[in-house]
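# Observations on chain architecture
Each chain, written out:
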Amino acid sequence: MKRVPLYILMGALLCGLPLVCNPYWLDVCVMIGLYALLALSLNVILGQAGIFHMGHAAFYAVGAYVTAILNTLCHWPIFWTMPLAGAAAALFALLVARPITHLRGDYLLIVTIGIVEIVRITLTNDPGGLTGGANGIFGIARPEIFGMKIRKGIDFYYLIWGGVGVTVLLFWWLHNSRFGRALSCIREDDIAAEGCGIDVAHYKLMAFVLGAFWAGMTGTLFAAKMTIISPSSFTFWDSVLLFAAVILGGGSLTGVILGAFLVFGLPEIFRDFAQARMLVFGLALMIMMIIRPQGILPPAPRRYDVSGFFASRRSGAAETWPAGGSALNGPDDGTDAKPAGGRGAS
């Protein structure tokens, strides 16, 4: 609740930003919104579950290509393809994550790097003549809402940032659900979580599937925005930047969005410095990791009303007996509480 004013301020700034931006910066804000959606989906895997995953661009690519193929070959409307794109990315995540969820740390990180490269090379080789090889797929249609075609930059801006708002609400609910609490326990100590009865392998797999589903649907928006996609749009470097955005943001929803602004917006601010802009970007990341290693806005610690819990337990136990009795000593009526039969009966 302490961050509610911050959320309101961010929402107001985002709503008014197109009014003061030129077309170039408006397009930059649209791309930042796309990467914010991807970073939020990665945050389920990396920020909440603590799984080192650097292959998120693979799920993004699967969703984008499913949308492109269905739209160009089957002439499906863009928004009709979005659930299928998410489902295809989730199914792919289910297949590739099941054998590797038992890995930890750097070992899992290396495997996920291999996943994104396998997907990129497969798309380049044009399996079945569907992906267009290195040239990609052209002529993807623009999306339509109630007969109105979305083609202008400001239309995509409000569409994508509206999606970011819906994503924040859904993932906030997820974070406070039983599923989110289980992921938090796994992030802190998966061995202790398993000792408490949490099915660690199952929850890790579900985190992969959920994050991939959201990344696949974001791929639909990317394909609709660009109208052309190719394997070069989904490289390992994209996964590295998404990883940096989540780590830099600290793992909270607001922090991840702010991290996306810094990681994907800061290089554009220094574009006039040509090659030196990446040096400035890397230096800024190093300084942040030294000054604030927990990230810009880490998640607020969970707080539980322990005293209230025990007070309710005591009041519930007292109501079990008549007035003057206690839950431990039985009713205070001058007689001993004994069972009706058996060896304790007289």
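Residues numbered from 1 in each chain as written. Predicted model: local features only at pLDDT ≥ 70, side-chain atom pairs only at ≥ 80, totals over all residues. Heavy atoms only, no water.

## Comments concerning the overall build of the chain
Helix and strand counts for the chain stand at 13 helices and 2 strands. Considering the chain as a whole, with its 346 residues, one finds that 42% of them fall into the buried category. Surface summary for the chain: the accessible area is close to 18700 Å², and the carbon and sulfur share equals 67%. (Helix = DSSP H or I, 4+ residues; strand = E, 2+ residues; numbered from the N terminus. Buried < 20%, exposed > 50% of the residue type's maximum accessible area, 1.4 Å probe, protein only. Areas by Shrake-Rupley, 256 points an atom, 1.4 Å probe, with all protein chains shown as cover.)

## Considering helix α4 (residues 78-97)
Look at α4: 28 Å from first C-alpha to last across 20 residues, which is about the 28 Å you get at 1.5 Å a residue. The set of residues buried in α4 consists of Ile78, Thr81, Met82, Ala85, Gly86, Ala89, Ala90, Ala93 and Ala97. Along its buried surface, α4 packs onto α3 (56-73) and α9 (200-226). (Expected span 1.5 Å × (residues − 1). Contact = heavy atoms within 4.5 Å.)

## As for the pattern of salt bridges
Per the counting criterion, the structure on display carries 6 salt bridges. Residue Glu144 is joined to Lys149 by a salt bridge in which the shortest nitrogen-to-oxygen separation is 3.9 Å. With relative accessibility at 37%, the residue Lys149 sits in the partly exposed group. When the shortest N-O distance is used, the salt bridge between Lys204 and Asp190 registers 3.7 Å. (Salt bridge = Lys/Arg side-chain N within 4 Å of Asp/Glu carboxyl O.)

## Details of a nonpolar patch on the surface
On the surface, Leu283, Met286, Ile287, Ile290 and Ile291 cluster together into a nonpolar patch covering about 550 Å² of accessible area. Here Ile291 shows up in helix α12 (residues 276-291). The exposure class of Ile291 is exposed, given its relative accessible area of 63%. (Patch = residues over 30% accessible without salt bridge, like charges linked within 9 Å, V, L, I, M, F, W, Y side chains within 5 Å.)

## A closer look at the environment of Gly105
Tracing the chain through its elements places Gly105 in helix α5 (residues 105-124). Considering only alpha carbons, one finds Gly105 and His53, 52 residues apart in sequence, at a separation of 9.2 Å.

## So, the state of the cysteines
Within this structure, the stated rule accounts for 0 disulfides. Take Cys29: it sits in no disulfide, and the sulfur closest to it among the cysteines is that of Cys21, at 4.5 Å. Classification of Cys29 as buried rests on a relative accessible area of 8%. (Disulfide = S-S within 2.5 Å.)

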